[in-house]
Amino acid sequence: MLNPSPFAWVSQYLFGFFFAYGVYLPFWALWFENQGVSATDVGMLMGLGFATRCVANLLITPRIHQVERLLPALRWATLACTLFIAMHLAAGANFMLLALVTVLFNLSFGPMVPLSDAMANHYANRGVLDYGRARLWGSVAFIAGSSVVGYLASQYGANMIVYTALAGFVLSMLLVMRTPVNPPVSEDSHETERPSLKALLSDREVIRFLVLIALIQGSHAAYYSFSSIYWKEAGHPESVIGYLWSLGVVSEVLLFAFSKKWFAGWSLRTLFVVSSIGVIVRWGLTASTVALPALVVIQLLHGVTFGIAHIAAIQYIQKSETNKMVALQSLYNAIPLGAFIALMMAVSGWGYERWGAHIFWGMAFMGVLALFIKVEPKGKSVKDIKEFSQPKPQK
């Protein structure tokens, strides 16, 4: 269909993007290692990528606050990602070249998540899209990407990681060039006012929100960087590692699909407490065992540690003023999912080289700290999860 519905456009674009992300996130550290990069340098490169996303989401993404600019910006970002992912093949084992292409790729990659989420939130607020069901297709694609690349890498070598990611971005490029039947357009002049990041960062409630999310999502840093290496060293082949990553996202898919039923009436505080407890349990188990049955349980907890926290964060953002949504999305992706994870990845690389799997105990402790931070925005009542996943009735 040349002009898909908003739901079809968002869900299909997220499918293409998260297919590539399902290759990049679990397996890029393995590709670096295959090039002969040390564990410390792997941590530095992965951390550099997250740090670059932070910079992009602080300096670039907030400038695209008008909804009519979202689609052109996504097209340029997707094209740049496609070109820069291919450049990794030319970098080889040269650390400086790897650092350069990592920076260029992540400058383009960083804005893609908040901009696509902003597109989805725009349509959700107008009652023509169910965010949970659209985002679910991104999770399905992540499963497909991590499963496919795990098999291909084990059969044909580590360079298949780059080729498969490239295929995902080519697909995303084809999908993003289409225009939905109702292109995003601002409906009032207030929506075109550019919000001040300084003012948002002076709001204590916003600061508490960012710190809480940073602790929960930042606890995944060692998992993102070194779980694949850790499990491979324990004797699990790439194919099994790919299936384990996919299993984690299966739990995320189930959570998005049934969130309306499972979490109706839950407050933001409750959602964050449950996610924090999941962090403690998940990373404590990861530090303790590499037995396959335990790894299955660990990965099923991904829906708790990532999915529930993401649902709560999106609820918080959706209930903000319309012109602030992209800015809050940017801060969410720049600080908790960017700067803090970058820092923790660098720490994880240093710690994993010295202590091995015991670094995951540090990740578990972050869940303990998160239990003591309360986020319940005044004037933004969170009635229940239905408002998150149920589209508004058409007028």
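Since the structure is predicted, the reported quantities are computational estimates derived from the model, not experimental observations.

Glancing now at the packing of helix α14 (residues 302–318) against helix α15 (residues 325–355). The interhelical angle for the contact between α14 and α15, taken along N-to-C directions, is 150°, at an axis separation of 10 Å. Relative to α15, the element α14 is oriented roughly antiparallel. Taken as a pair, α14 and α15 cross one another with a handedness that is right-handed. Facing α14, whose interface residues are H310, A313, I314 and I317, α15 presents M325, L328, Q329 and Y332. Across the contact of α14 with α15, the residue classes tally to six nonpolar, two polar and no charged.

All told, the structure shown has three salt bridges when counted by the stated rule. Between E252 and R135 there is a salt bridge, with the nearest N and O atoms lying 3.5 Å from each other. Of this pair, E252 sits in helix α11 (residues 238–262) while R135 is found in helix α6 (residues 131–156), placing the two residues 117 residues apart along the sequence. Pair check on accessibility: E252 and R135 agree, each one buried. With a closest N to O distance of 2.7 Å, E205 and R208 form a salt bridge. Remark: R208 and E205 occur in helix α9 (residues 204–218); sequence separation between them is three residues, near one turn of the helix. A relative accessible area of 36% places R208 in the partly exposed class.

Moving on, we come to the packing of helix α1 (residues 6–34) against helix α7 (residues 159–176). Axis angle and axis distance: for two packed helices, these are the angle between their axes and the distance between the axes, and together they describe the pair. Viewed as axis vectors pointing N to C, α1 and α7 meet at an angle of 165°, and their least axial separation amounts to 9 Å. Of the possible angle classes, the one that applies to α1 and α7 is roughly antiparallel. When you trace α1 past α7, the crossing you get is left-handed. Here W9, Q12, Y13, G16, F17, F19, A20, V23, F27, W28 and W31 of α1 come into contact with α7, specifically with N159, I161, V162, T164, A165, G168, F169, L171, S172, L175 and V176. A per-class count over the contact of α1 with α7 returns 16 nonpolar, six polar and no charged.

Together, V55, L59, I60 and L107 give the surface a local cluster of nonpolar side chains, amounting to about 320 Å² of exposed area. Tracing the backbone through its elements, the reader meets L107 in helix α4 (residues 95–109).

Within the secondary structure, R178 is located in the loop between α7 and α8 (197–200). This buried residue, R178, is left without a salt bridge; D117 holds the nearest opposite charge, at 16 Å.

With 29 residues, α1 extends 41 Å from end C-alpha to end C-alpha; this agrees with the ideal 42 Å at 1.5 Å per step. Along α1, the helix axis deviates most sharply at F27, where the bend reaches about 60°. Along α1, 24 of the 29 residues are buried, which leaves the element largely enclosed by surrounding structure. Positioned one or two residues after α1, G36 has a phi angle of 95°, which is positive.

In the structure shown here, the tally under the stated rule is 27 aromatic pairs. Geometrically, the ring pair formed by W28 and W31 is tilted, given 5.7 Å between the ring centres and 35° between the ring planes. Of this pair, W28 and W31 are both found in helix α1, three residues apart, which corresponds to roughly one turn of the helix. Accessibility expressed as a relative area gives 0% for W28, which makes it buried. Of the residues examined, W31 reaches a relative accessible area of 1% and is grouped as buried. Centroid distance Y223 to Y224: 5.7 Å. Interplanar angle 45°. Geometry classified as tilted. In this structure, Y223 and Y224 share a single accessibility class: buried. The aromatic ring of F18 is capped on one face by R135, whose charged end is 4.3 Å from the ring centroid. Sitting over the ring of Y223, R282 keeps its end group 4.5 Å from the ring centre.

Here we come to the environment of A99. For A99, the position within the fold is in helix α4. Put simply, A99 and E321 are 222 residues apart on the chain and 38 Å apart in space, counted from C-alpha to C-alpha. Residues in contact with A99, not counting those within four places in the same chain, are L45 and L48.

Let us look at the environment of R133. Looking at the element boundaries, R133 is found in helix α6. Remark: the alpha-carbon pair of R133 and L215, spanning 82 residues in sequence, is separated by 27 Å. Once you skip the residues sitting within four places of it in the chain, R133 turns out to touch F7 and K260.

About the criteria used
- Residues numbered from 1 in each chain as written.
- Predicted model: local features only at pLDDT ≥ 70, side-chain atom pairs only at ≥ 80, totals over all residues.
- Heavy atoms only, no water.
- Axes fitted to C-alpha atoms, helices over the stretch in contact; angles between N-to-C directions.
- Helix = DSSP H or I, 4+ residues; strand = E, 2+ residues; numbered from the N terminus.
- Parallel < 35°, antiparallel > 145°, perpendicular 65-115°, else oblique.
- Left-handed = near helix turned anticlockwise from the far one by under 90°.
- Contact = heavy atoms within 4.5 Å.
- Nonpolar A, V, L, I, M, F, W, Y, C, P; charged D, E, K, R; others polar.
- Salt bridge = Lys/Arg side-chain N within 4 Å of Asp/Glu carboxyl O.
- Buried < 20%, exposed > 50% of the residue type's maximum accessible area, 1.4 Å probe, protein only.
- Patch = residues over 30% accessible without salt bridge, like charges linked within 9 Å, V, L, I, M, F, W, Y side chains within 5 Å.
- Areas by Shrake-Rupley, 256 points an atom, 1.4 Å probe, with all protein chains shown as cover.
- Lys, Arg positive; Asp, Glu negative; His and termini not counted.
- Expected span 1.5 Å × (residues − 1).
- Bend = angle between axes of the 7 residues up to and from the residue.
- Phe/Tyr/Trp six-rings, centres within 6.5 Å; stacked < 30°, edge-to-face > 60°.
- Lys NZ or Arg CZ within 6 Å of the ring centre and 35° of its normal.

Just distances and angles here, no functional claims.
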